[in-house]
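Commentary on secondary and tertiary structure
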Amino acid sequence: MKIIIANWKMNPDNTEDARRIASRIEHGMLATDRSKVEVSICPPFVFMPVVKHAVHFVKIGAQDISFAETGPWTGEISAKHLLEFGTRYVIIGHSERRLLGEDSDMIREKIKISLEHQLEPIVCVGNAVKKSSTIGTIKRLLKNQIKVELHGIDLHKSRLTIAYEPAWAISRGLGTGQHADSRQTADVIAYIKEETRDAARVIYGGSINARNVHEFVAFRDIDGALVGSASLDPLEFLKIIKEFAK
Ligand code: PGA
């Protein structure tokens, strides 16, 4: 089963747009082979209720979670809050959150707390990979990152997805708008699977759109995609979903 995660980031601007986009994606899922692909929308927290209301086949995800179980943490959203909305997935360690100061220790705590609450982490790695990095450098970097950030987590007992997402490949903000080479991505993903003894699904994120998705679908090791900008356009996002559902 492939998995496609919509990372809406700080979009859209209002509730009505969130409802409209979610409903259209849900509608498209009716005509999709749902035995082949699972889809989750990760909206801003404030839109989770309206998105939850608009979907059935599409699963709800969150863009972040608090490292703390409960307590006096201004602005934080706990695992229990997320569970109120039937949340299934949580993106953890996205490069845009690391930029705001999230470090490996905090990321590890967030993974642990998610798993304790049966929320499936989508752990973003490879953020520090450069466009010019050689495959050897990429593997060294990932080996270290996986060792540190997944330390103490029993992968064979946990449902966990890893997203290989070099920050340079993101469509806006930190990135260049150019996607990573799909063949190299498939090699990197095979390596991550080796390092995690095949215990995790591994997906790719970074400027995936309806025009380039076929390049990634061609490689069996790539278990799906983390999609930012293109997930805000229902037609475009549904084309991506359909490619993975083929
Ligand atoms: P993008 O974002 O698809 O817009 O590049 C992906 C992400 O940052 O998760």
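Residues numbered from 1 in each chain as written. Predicted model: local features only at pLDDT ≥ 70, side-chain atom pairs only at ≥ 80, totals over all residues. Heavy atoms only, no water.

With respect to the helices and strands, serine 229 occurs in the loop between strand E8 (224-227) and helix H9 (234-244). We classify serine 229 as partly exposed; its relative accessible area is 34%. As a C-alpha pair, serine 229 and lysine 59 span 170 residues in sequence and 19 Å in three-dimensional space. Within the structure, the side chain of serine 229 is placed 2.9 Å from the side chain of serine 171, a separation counted as a polar contact. (Helix = DSSP H or I, 4+ residues; strand = E, 2+ residues; numbered from the N terminus. Buried < 20%, exposed > 50% of the residue type's maximum accessible area, 1.4 Å probe, protein only. Polar contact = N/O pair within 3.5 Å; in protein donor to acceptor, adjacent residues only side chain to side chain.)

What follows deals with the side chain of serine 207. Summarising the element assignment, serine 207 is placed in the loop between strand E7 (201-205) and helix H8 (213-217). Here the side chain of serine 207 touches alanine 169 through a polar contact of 2.6 Å, landing on its backbone oxygen. Non-local contacts of serine 207, meaning those with residues more than four positions away in its chain, are made with Ala169, Ile170, Ser171, Gly177, Gln178, His179 and Asn212. (Contact = heavy atoms within 4.5 Å.)

Across the six residues that make up strand E2 (residues 37-42), a large majority, six, are buried. Neither face of E2 is open: one carries Val37, Val39 and Ile41, the other Glu38, Ser40 and Cys42, and all of them are buried. Inspection of the sheet shows strand E1 (residues 2-7) paired to E2 by six bridges, in the parallel sense. The residue of E2 that forms the bridge with lysine 2 is valine 37. In this fold, the crossover linking E1 to E2 by way of helix H1 (residues 15-30) has right-handed handedness. As judged from the two bridges shared by E2 and strand E3 (residues 59-62), these two strands associate in the parallel manner. Residue pairing across strands places serine 40 opposite lysine 59, the latter belonging to E3. Handedness of the E2-helix H2 (residues 48-54)-E3 crossover: right-handed. (Pairing = 2+ DSSP bridges. Right-handed = clockwise from strand over helix to strand, strands pointing away.)

Turning to the sheet that holds E3, a few remarks are in order. With respect to topology, eight strands assemble into a closed barrel ordered E1-E2-E3-E4-E5-E6-E7-E8, the strand pairing being parallel. Strand-to-strand twist in this sheet, taken as the mean axis angle between neighbours without regard to direction, amounts to 25°. Relative to E7, strand E6 (residues 161-164) runs parallel, the two sharing four bridges. For isoleucine 162, the partnering residue across the bridge sits in E7 and is valine 202. Here helix H5 (residues 104-116) sits on the sheet and contacts strand E4 (89-92) and strand E5 (120-125); the angle it forms with E4, its principal contact strand, is near 175°. (Axes fitted to C-alpha atoms, helices over the stretch in contact; angles between N-to-C directions.)

Moving on: the packing of aromatic side chains. The full count for this structure, using the stated rule, is three aromatic pairs. Relative to tyrosine 204, the ring of tyrosine 164 has its centre 6.5 Å away and its plane inclined at 50°; by these criteria the two rings are tilted. Of this pair, tyrosine 164 sits in strand E6 while tyrosine 204 is found in strand E7, placing the two residues 40 residues apart along the sequence. On the accessibility criterion, tyrosine 164 (2% relative accessible area) is buried. With 4.7 Å between their ring centres and 5° between their planes, tyrosine 204 and phenylalanine 216 make a pair best called stacked. Taken together, the positions of tyrosine 204 in strand E7 and phenylalanine 216 in helix H8 put the pair 12 residues apart, joining distant regions of the chain. Ring pairing ties together the aromatic residues Tyr164, Tyr204 and Phe216, which thus form one cluster. Its guanidinium or amino end placed over the ring of phenylalanine 57, arginine 34 lies 3.6 Å from that ring's centre, counting from NZ or CZ. (Phe/Tyr/Trp six-rings, centres within 6.5 Å; stacked < 30°, edge-to-face > 60°. Lys NZ or Arg CZ within 6 Å of the ring centre and 35° of its normal.)

If you walk through the whole model with that rule in mind, you get 19 salt bridges. Between arginine 19 and glutamate 16 there is a salt bridge; the shortest N-O distance is 3.0 Å. Linking arginine 19 with glutamate 16, this pair stays in helix H1, spanning three residues, or about one helical turn. A salt bridge links arginine 159 to glutamate 120; its shortest N-O distance comes to 3.0 Å. (Salt bridge = Lys/Arg side-chain N within 4 Å of Asp/Glu carboxyl O.)

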